[in-house]
Amino acid sequence: MAAPFSWIRPEPHGIHIVPADCWVDPSKPVDRALVTHGHADHARGGHGQTVATPETLAIMDLRYNTREGATPVAYGETIRMPGGVDATYIPAGHVLGSAQILLEHAGEKVVVTGDYKRRPDPTCPPFEVTPCDIFITEATFGLPLFTHPPIAEEMRKLLDRLAAHPDRCVLVGAYALGKAQRVIAELRAAGHHQPIYLHGAMEKMCRLYEEHGVALGELRLVADHTKDDLRGHVVVCPPSALNDRWSRRLPEPITAMASGWMRVRQRARQRNVELPLVISDHADWGELTRTIEEVDAQENWITHGREEALLRWCQLHQRRARALALVGYEDEDD
Amino acid sequence: MEQFATLIDALVYTRSRNEKLRLIAEYLRGTPDPDRGWALAALADGLDFPAVKSSTIRNLLKDRLDPVLWTLSRDFVGDTAETASLLWPPPLEDTERTPPTVSEAVDALTAMTRKSVLTELPELLDRLDPSGRYALLKLATGGMRIGVSSRLAKTALAQAFDVSVEDVEEYWHGLTAPYPELFAWAADGQAPPDIENLPTFRPFMLAHPLEETVVDMAQYAAEWKWDGIRVQLVRAGEETRVYSRSGDDISATFPELLEVLDFPAVLDGELLVRGAHQGGEAGGAASFNALQQRLGRKTVSKKMLAEYPAFVRLYDVLLHDGKDCRALPWEQRREQLEALMPRLPDSHFDLSEVVAADSFAQLATIREGARDDAIEGLMLKRRDSPYIAGRRVGYWYKWKRDPLLIDCVLMYAQRGSGKRSSFFSDYTFGCWNGDPDAGAELLPVGKAYSGFTDEELKKIDKHVRQNTTNRFGPVRETEKILVFEVAFDSVHESKRHKSGLAMRFPRIHRIRWDKPAHEADRIEALRALIRD
């Protein structure tokens, strides 16, 4: 009999499931890929077969034209793969369609979280704690200083600033997939029913969310409107457009950015952000450590992000852990 | 403290200079004495509390949090005060939560000893929210580093009460925090502070880099830019003081200069140490290396005074014998300075000579020919320029010698702080100690933190993170594959690096993504550039 867990191998460009010859979130094209969610660091085009939730496949189709070999798996559904490996897709609470993947082989269970959070999000079902032997967790915000405040507080900051400057607009930089739609949905939940203006790069993804049942209210394109139309309104753009020439068409924009990194003042300064909104689709330190405790796996593998601190926490709490060195997972805009 | 914390946060997130000025001015108008005076002092110069150091904060946190988690967090944030403000554990429910006022906090910090700080600083921190803790810790440890210069803070004061910033600068250095006389004058219209008989610092006039500008030598005079430290010698009220470029009082470091000026004056010059290198009317000066022996000392031994005697090579005169010369054109100040020379002993003073050139082209030839290690380049001063604090376009230019260049390989990287926090922005690089194809090794030759754009920084940062081969605390060792063309002013023998060489002002000149590491320079090539 093979050594325990020898069927699953972390390699620099993804997690290799040896008997099924498939990869989780590979960063280069492979014959068969299991994809947790649609962000670029996890989902790439060019695989022979792509196994993901229908929502993630729709996102990948929009972004990378991934149509061939698309194999949908709904939440809670299990797909059997060659070599006696079962893969079950479980909500991760990160963005629309995001899933953890439970892999089972020879009685051994491994969960790959992809990216996840534990906070409520109106745009996707919540993370489900799944018992397993090995828990492969992300660690994007794996430092004790990262505490994401309740999102309602951040929405209040945004709306207060907007109300104080009726002649200006608040320009919110937000990741085009997930963060932007969550911010819009949360603004609606906070009672903001004015039209929200979008950078052109956001439009298709917002429509895709709406097609999947996420109501975003009235959205308008900046390009269709004059500077004066935008006064007193919220404008949402990708982070890269915040300090771009594009933003010159806006009426004295107050530059905001929705990101977990905004917890650190210097990070906000580096991006010339005037109104930092600490909003993240990743688990903060408290969520990461609580999740490790709740999942209570024999072993924790920690990847993409600040592995060292979470590794140290596991050591202090007598939990077995190791850091994986996967290439290319660094989410600077979240 | 809440208003001060709100101000600090607003300043951190404000880009516009006018908006910063407005925010500070509004705070100064709306806050009573002495809080506003302390706040202004903290913004302009930073306050100093001997018992509260960065290490104190570090130790407090290490007692309350796992030390490894603290270090990793501090390393990521790049700022001790901010990291501590974020990680400070919330106080127990029944803790006294009334935030201190700024002056209460300042009084408490002043009274702290190295022992009492361990209980008293936590008490203060427990009374504040994270923003308040950040403001308090920034205030307590000196430099705020929030994008507000000393000049900006003083301009805000001037703007708040509609007085002239030049007057604020003039009085500033004769007064101490929390500046009651300054506010009495500016805010309440009382008589200006009397500084005439105080040996106070007057801000230096500074130069812009010449770059592509060509000047008409009929309008400009040229002087050598000597390689010492710029100083201001002030005598008033029977007392002499020596100030460094930043206005720090360095009199104790150079006691020989305190007895040789016997009339009231403010003189601008270059402080040098006697030696054979840098020419002048009364003999030469030693290289900067020799001067370095004298810098930063609180007391000076007789041996030091004898081996490295200091003198001042004079550039300018601001005031003398009760006359303020600053509004006069440079030419007239120069005449007055020359007339003062007989009253200044040769042992401790000489005059920076004017470099004669009829045309800019001729001056360029002279500059090319000046290979003396001790000359940094040339200064160009418009003949009619008044002496004005700070840098004014068109008056003074510095025309530095072209830098030396060498190709080095990136070896280690460390995260920066402040604006560059969390990016790997401090680089140690090396040269080969022989033929790299025959097994030679890289030896570190220097460190640089500047010379690249923000875009380049992001690329190098990514390179470091993807090519880390080893970690030593905050330091990452990288794959030896990236070549930097490093620019520097000069190179000297030194024990600081294993290579036995140290550069002055090394900075990244170009990033040679294209160049293979084995084509970088060898140590011998760098050694050959030693000039003295």
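Please read all numbers here as calculations on a predicted model, not as lab measurements.

Visitor: Give a description of the pattern of salt bridges that names residues and reports values.
Guide: Where charged atoms of side chains with opposite charge meet at close range, the side chains can pair. Residue and element names in this part refer to chain B. All chains considered together, the criterion is met by 63 salt bridges over all chains. A salt bridge links Lys154 to Glu169; the shortest N-O distance between them is 3.3 Å. With a gap of 15 residues between them, Lys154 in helix α10 (residues 150–161) and Glu169 in helix α11 (residues 165–172) connect regions that are remote in the sequence. Where Arg202 meets Glu170, a salt bridge forms, and the shortest distance between an N and an O atom there is 3.0 Å. Of this pair, Arg202 sits in the loop between α12 (180–186) and β1 (205–206) while Glu170 sits in helix α11, and the two are 32 residues apart along the sequence. Pair check on accessibility: Arg202 and Glu170 agree, each one buried. What emerges from the salt-bridge pattern is a single network uniting Arg151, Lys154, Glu166, Glu169 and Arg392.

Visitor: Could you give an account of the UniProt feature "domain: Metallo-beta-lactamase" (unreviewed entry) in chain A, naming the residues involved and the relevant values?
Guide: Taken from the UniProt record, the annotation "domain: Metallo-beta-lactamase" (unreviewed entry) applies to residues 27–171 of chain A. Within the segment residues 27–171 of chain A, helix and strand shares are 17% and 28% respectively, and the terminal C-alpha atoms sit 32 Å apart.

Visitor: Tell me about the domain arrangement of chain B, and please be specific about residues and values.
Guide: Considered domain by domain, chain B is made up of domain 1 (2–140), domain 2 (205–400) and domain 3 (404–527). Relative placement of domain 1 of chain B and domain 2 of chain B: their C-alpha centres are 40 Å apart.

Visitor: Give a description of the interface of chain A and chain B that names residues and reports values.
Guide: With 27 residues of chain A at the contact, the number on the chain B side is 29 residues. Overall, the association of chain A and chain B removes approximately 2700 Å² of surface from exposure, summing both partners, and the carbon and sulfur fraction of that is 55%. The largest per-residue losses of area from chain A upon contact with chain B belong to Arg265, Gln266 and Arg269 of chain A, which jointly make up 29% of the total buried on that side. At the junction of chain A and chain B, the tally comes to 5 salt bridges. With a shortest N-O distance of 3.4 Å, Arg265 of chain A and Glu82 of chain B are connected by a salt bridge. Where the side of chain A that touches chain B is concerned, the elements lending two or more residues are α5 (265–270) and α7 (307–316) of chain A. Per-element accounting of the side of chain A that touches chain B gives the leading share, 6 residues, to α5 of chain A.

Visitor: So what's going on with the packing of aromatic side chains? Which residues, and what values?
Guide: Applying the stated criterion across every chain, the model contains 18 aromatic pairs over all chains. A centroid spacing of 4.9 Å and a plane angle of 70 degrees characterise the contact between Phe141 of chain A and Phe146 of chain A, whose relative ring orientation is edge-to-face. Summarising the aromatic geometry, the rings of Phe4 of chain B and Tyr27 of chain B are spaced 6.3 Å apart at their centres and angled 55 degrees between planes, so their arrangement reads as tilted. Of this pair, Phe4 of chain B sits in helix α1 (residues 2–12) while Tyr27 of chain B sits in helix α2 (residues 17–30); the two residues are 23 residues apart in sequence, bridging distant segments of the chain. Each of the two residues, Phe4 of chain B as well as Tyr27 of chain B, counts as buried. For Arg274 of chain B, the ring lying beneath its charged end belongs to Phe311 of chain B, and the centroid distance is 3.8 Å. Between Arg313 of chain B and the ring centre of Trp226 of chain B, over which it is positioned, the NZ or CZ distance is 4.3 Å.

Visitor: Before we move on, could you go through the side chain of Asp268 of chain B and cite the residues and values that matter?
Guide: All names here are of chain B. If you trace the backbone, Asp268 turns up in strand β6 (residues 265–278). Residue Asp268 is classed as buried on the basis of its relative accessible area, which comes to 0%. A polar contact of 2.7 Å, which involves the side chain of Asp268, links it to the side chain of Arg230. Polar contacts involving the side chain of Asp268 include one to the side chain of Tyr387, which spans 2.7 Å. Discounting chain neighbours no more than four positions away, the residues touching Asp268 are Phe204, Arg230, Val231, Leu314, Tyr315, Asp316, Leu318 and Tyr387.

Cut-offs and rules
- Sequence order sets the numbering: in each chain, residues are counted from 1 along the sequence as written.
- Chains carry letters and ligands carry numbers; both start at the beginning, A for chains and 1 for ligands, and go up in the order they are written.
- The model is predicted, so local features are restricted to residues of pLDDT at least 70 and side-chain atom pairs to those at 80 or more, both for listing and for counting; the totals for chains, interfaces and linings are taken over all residues.
- Values shown for side chains rest on all heavy atoms present in the structure; no hydrogens or waters enter the calculation.
- Salt bridges are defined as contacts in which a side-chain nitrogen from Lys or Arg sits within 4 Å of a carboxyl oxygen from Asp or Glu.
- Secondary structure counts use DSSP, requiring at least four H or I residues in a row for a helix and at least two E residues in a row for a strand, with both numbered from the N terminus.
- Exposure is judged per residue with a 1.4 Å probe applied to protein chains only, and the accessible area is read against the type maximum: over 50% gives exposed, under 20% gives buried, and values in between give partly exposed.
- UniProt positions are given in the numbering used here, feature names are shortened, and annotations may be inferred rather than shown by experiment.
- Domain start and stop points were drawn from an automatic or database domain assignment.
- Contacts are assigned to residue pairs that have any heavy atoms within 4.5 Å of one another.
- Accessible-area loss on putting two parts together, using a 1.4 Å probe and summing over both, is the definition of buried area adopted here.
- Ring pairs shown here join Phe, Tyr and Trp side chains whose ring centres sit within 6.5 Å, with only the six-membered ring taken for Trp; geometry is labelled stacked below 30 degrees between planes, edge-to-face above 60, and tilted in between.
- Here, a charge over a ring means that NZ of Lys or CZ of Arg falls within 6 Å of the ring centre while also lying within 35 degrees of the ring normal.
- Counted as a polar contact is a pair of N or O atoms within 3.5 Å, where, for protein atoms, one must be capable of donating a hydrogen and the other of accepting one, and residues adjacent in sequence contribute only when both atoms are in side chains.

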